[in-house]
Amino acid sequence: MSASSEDLNLKEVLKRGIIDDLNAFNIFVEWTEDEKSEFTVLLNQLKSPFDGKVESKKSKGDRLERLVSFIIDKSYFYKIYKNVRTETNEIDEIIVFSEEGRQALHKYSLSRGLIPISTDMFLGECKNYEKALNVTYVGKFYSLLSTTGNTFGILFTQKGLTGNEAGYKEGYGLTKVIRMVERYKNNNDFYIITFTLDDYEQLLKGHTFFDIVKAKMLALCHASDYHVFLCGNKHSNQIEVKAIIDELS
């Protein structure tokens, strides 16, 4: 049975409504050219060679922390609390769902599911080291997440972790093993993902913080290269949105 012209018109109206909702969400999370320019300055500072004779290790760490603060702030839906001391730990970043973000979802009837991070709070840790982080750092971060009752965390780095992001060895491998253990032993949907220089560059190419997070979560689940999900999904979405708009114009 073929669809009637009324059915087709209704379908296009509904599809246009979905596109409008997605565009409304993107207004909050996509960066302006001015914001990209600000971020470029911070990224160039991060990539500048470190001179231990004139700089302290703290100032080196501050470079990455400033960049991460900018990323979280511009995500709009989360805000960051830095260097929080507890009885047993000092946490680099506690990142919580913002009141502005919560109200934006309510006011514009946007789905919470558009944000890939399902928790209203997660932890971040900045490690501005010249080398990739090994299993020791991953293990310590996992311990911190576990003792604070968090199931999502981001390691912000320059070089990422040891091993292959799509493999099961060394640092990256441990993040996958942790996820499997937590899922089957404790029934937790547990993620430790890692941001690197490449990811900061992706932000300047037009991908949002949430685009990258979603791609890395998918890659962690399927032991694959996250670029497949990042570039592939972005490309297909752009084509689909353009096609729908062209049909309706």
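Owing to the predicted nature of the structure, the values given are computational and were not obtained by experimental measurement.

Chemist: How would you explain the side chain of Glu-125 if you had to name every residue and give the values?
Modeler: Note on placement: Glu-125 falls in strand S3 (residues 121–127). A relative accessible area of 12% places Glu-125 in the buried class. A distance of 3.5 Å separates a polar atom in the side chain of Glu-125 from a polar atom in the side chain of Lys-127.

Chemist: Got a sec to walk through unusual backbone geometry? Specific residues and values, please.
Modeler: With phi around 55 degrees, Glu-170 is a residue other than glycine that occupies positive phi space. For Glu-170, the location among the structural elements is in helix H6 (residues 170–185).

Chemist: Lay out helix H7 (residues 197–204) in plain terms, naming residues and giving numbers.
Modeler: For H7, the set of buried residues is Leu-197, Asp-199, Tyr-200, Gln-202 and Leu-203. Of the residues one or two after H7, Gly-206 is the one with positive phi, at around 110 degrees.

Chemist: So what's going on with a nonpolar patch on the surface? Which residues, and what values?
Modeler: There is a patch of nonpolar side chains on the surface, built from Tyr-168, Val-177, Met-180, Val-181 and Tyr-184 and spanning about 520 Å² of accessible area. Along the chain, Met-180 turns up in helix H6. Given the relative accessible area of 39%, Met-180 is considered partly exposed.

Scoring rules and cut-offs
Residues numbered from 1 in each chain as written. Predicted model: local features only at pLDDT ≥ 70, side-chain atom pairs only at ≥ 80, totals over all residues. Heavy atoms only, no water. Helix = DSSP H or I, 4+ residues; strand = E, 2+ residues; numbered from the N terminus. Buried < 20%, exposed > 50% of the residue type's maximum accessible area, 1.4 Å probe, protein only. Polar contact = N/O pair within 3.5 Å; in protein donor to acceptor, adjacent residues only side chain to side chain. Patch = residues over 30% accessible without salt bridge, like charges linked within 9 Å, V, L, I, M, F, W, Y side chains within 5 Å. Areas by Shrake-Rupley, 256 points an atom, 1.4 Å probe, with all protein chains shown as cover. Salt bridge = Lys/Arg side-chain N within 4 Å of Asp/Glu carboxyl O.

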